[in-house]
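A closer look at the structure
Residues per chain, in single letters:
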Amino acid sequence: MNHWRTTFLAIRLAIWPQKNDVAGISPRDIALVTEPALLLSNLTATIDPAGRLSLVLPGCHPLAAPFILFRLKREGYSDARVVHENGGLTIRARR
């Protein structure tokens, strides 16, 4: 997977979420998504029962972090963190 493709997809979905990309995905089907950045279209699917969001975007460049943080804040998340780890971005937030 090209890391620039993942990065630009993450930025695009953070700014302009496409609700139909993964609309209706259930939390148990998250592992079946072939492009993790598509999960930015349906952040609700990645929330655990305690209201915490935890998502890893492998191969995503840190350039996408401010756009993802903007999206999280706009969606009402708090305590949001985007960290570059192991060649990708780790996203954590809570509602």
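Before reading on, note that the structure itself is shown above.
These notes cover the structure that comes with them.

The rules behind these values
Residues numbered from 1 in each chain as written. Predicted model: local features only at pLDDT ≥ 70, side-chain atom pairs only at ≥ 80, totals over all residues. Heavy atoms only, no water. Salt bridge = Lys/Arg side-chain N within 4 Å of Asp/Glu carboxyl O. Buried < 20%, exposed > 50% of the residue type's maximum accessible area, 1.4 Å probe, protein only. Core = buried A, V, L, I, M, F, W, Y, C linked by side-chain atoms within 4.5 Å. Helix = DSSP H or I, 4+ residues; strand = E, 2+ residues; numbered from the N terminus. Expected span 1.5 Å × (residues − 1). Contact = heavy atoms within 4.5 Å. Pairing = 2+ DSSP bridges. Phe/Tyr/Trp six-rings, centres within 6.5 Å; stacked < 30°, edge-to-face > 60°. Lys NZ or Arg CZ within 6 Å of the ring centre and 35° of its normal.

**A few points about the pattern of salt bridges**
- Scanning the entire structure with this criterion turns up 4 salt bridges.
- Glu75 is paired through a salt bridge with Arg71; the nearest N and O atoms lie 3.1 Å apart.
- Given the relative accessible area of 27%, Glu75 is considered partly exposed.
- Given the relative accessible area of 1%, Arg71 is considered buried.
- One salt-bridge network, held together by shared partners, links Asp79, Arg81 and Arg94.

**Describing the nonpolar core**
- Ranked by size, the top nonpolar core spans 22 residues in total, and within it Leu40, Leu57, Ile68, Leu72 and Ile91 carry the most contacts.
- Elements that contribute at least two residues to this core include exactly α1 (3-15), β1 (52-58), α2 (65-74) and β3 (88-94).
- Element by element, the count of residues in this core is highest for α1, at 5 residues.

**Let's talk about α1**
- Its 13 residues give α1 an end-to-end C-alpha distance of 18 Å, which sits within 8% of 18 Å, the value for a rise of 1.5 Å per residue.
- All buried positions along α1 are accounted for by Thr6, Thr7, Leu9, Ala10, Ile11, Leu13 and Ala14.
- Tucked into the core, α1 has its buried residues touching β1 and α2.

**Description of the pairing of strand β2 (residues 78-85)**
- Of the strand pairs in this sheet, β2 and β3 are connected by 6 bridges, and their pairing is antiparallel. Bridging from a neighbouring strand, Arg81 pairs with Arg92 of β3.
- What sits between β2 and β3 in their antiparallel hairpin is a turn of 2 residues, with Asn86 showing a positive phi close to 50 degrees.

**A short note on the environment of Ala64**
- For Ala64, the position within the fold is in the loop between β1 and α2.
- By relative accessible area, Ala64 is classed as buried at 0%.
- The spatial distance from the C-alpha of Ala64 to the C-alpha of Ala10 is 6.5 Å, given a sequence separation of 54 residues.
- Among all residues touching Ala64, those that are not within four sequence positions of it are Thr7, Ala10, Ile11 and Leu89.

**Topic: the packing of aromatic side chains**
- Summed over the entire model, instances satisfying the criterion amount to 1 aromatic pair.
- The positively charged end of Arg95 is found above the aromatic ring belonging to Tyr77, 4.4 Å away from the centroid.

**Brief notes about unusual backbone geometry**
- Phi is positive for Asp79, which is not a glycine, with a value near 50 degrees.
- Here Asp79 lies in strand β2.
- Backbone geometry at Asn86 places phi at a positive 50 degrees, although glycine is not the residue there.
- Note on placement: Asn86 falls in the loop between β2 and β3.
- Among the residues examined, Asn86 registers a relative accessible area of 84% and is labelled exposed.

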